[in-house]
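Residue-level listing of the chains:
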Amino acid sequence: MDAQALNSYIRQEIRKEVHSDRIELYLPFVFGNGTSDTLCLVWNKDGVLSDGGRTFKELKKRVGDLTPYSENIQNILTAHGMVTLESGHILTVRNFQTCICGDDTYTDYMAGLSRLLRVISQISIVDTIKVDEYGAVYVC
């Protein structure tokens, strides 16, 4: 596959909407229910990235009570550091890494986005994996 074809494949069904107070990034994402549902990640005007509670909503639909998975969920969050859980159900990234390149500095938003997607991926299947306190993942 050439570079252009690979780029087109990666970007299919991804879209971005820019509003005055937020940017919405829509991604095709499978939450384990066999369908590809659109996941909306939002960067608000304060620079906070979140899933709006979607991950926990989908997980609750599938497994009901989340109590048996609370230790695994906490281990996932601890292992990924920058991602926090707010209001008990919203995955959030408030702080992003600052990269220094010579005299220039820039905020690495992609690293925060990548971490959030890894956390969403793991939490969405937390009923099928075990995550230890160091973040190592084991299939149940």
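Now for a quick tour of the structure. Values in this document were obtained by computation on a predicted structure and should not be read as measured data.

What counts, and where the lines are drawn
- Residues numbered from 1 in each chain as written.
- Predicted model: local features only at pLDDT ≥ 70, side-chain atom pairs only at ≥ 80, totals over all residues.
- Heavy atoms only, no water.
- Patch = residues over 30% accessible without salt bridge, like charges linked within 9 Å, V, L, I, M, F, W, Y side chains within 5 Å.
- Areas by Shrake-Rupley, 256 points an atom, 1.4 Å probe, with all protein chains shown as cover.
- Salt bridge = Lys/Arg side-chain N within 4 Å of Asp/Glu carboxyl O.
- Helix = DSSP H or I, 4+ residues; strand = E, 2+ residues; numbered from the N terminus.
- Buried < 20%, exposed > 50% of the residue type's maximum accessible area, 1.4 Å probe, protein only.
- Axes fitted to C-alpha atoms, helices over the stretch in contact; angles between N-to-C directions.
- Parallel < 35°, antiparallel > 145°, perpendicular 65-115°, else oblique.
- Left-handed = near helix turned anticlockwise from the far one by under 90°.
- Contact = heavy atoms within 4.5 Å.
- Nonpolar A, V, L, I, M, F, W, Y, C, P; charged D, E, K, R; others polar.

## Regarding a nonpolar patch on the surface
Here's step 1: Taken together, Met1, Leu6, Tyr9 and Ile10 make up a surface patch of nonpolar side chains, about 490 Å² in accessible area.
Here's step 2: With respect to the helices and strands, Tyr9 occurs in helix 1 (residues 3–11).
Here's step 3: The class for Tyr9 is exposed, based on a relative accessible area of 53%.

## Let's talk about the packing of helix 3 (residues 70–80) against helix 4 (residues 109–124)
Here's step 1: Between helix 3 and helix 4, whose axes approach to 10 Å, the crossing angle comes to 165°. Looking at the two axes, helix 3 sits roughly antiparallel to helix 4. The handedness of the crossing between helix 3 and helix 4 comes out as right-handed. Here Ile73, Ile76, Leu77 and His80 of helix 3 lie close against helix 4, whose contacting residues are Arg115, Arg118, Val119, Gln122 and Ile123.
Here's step 2: Across the contact of helix 3 with helix 4, the residue classes break down as five nonpolar, two polar and two charged.

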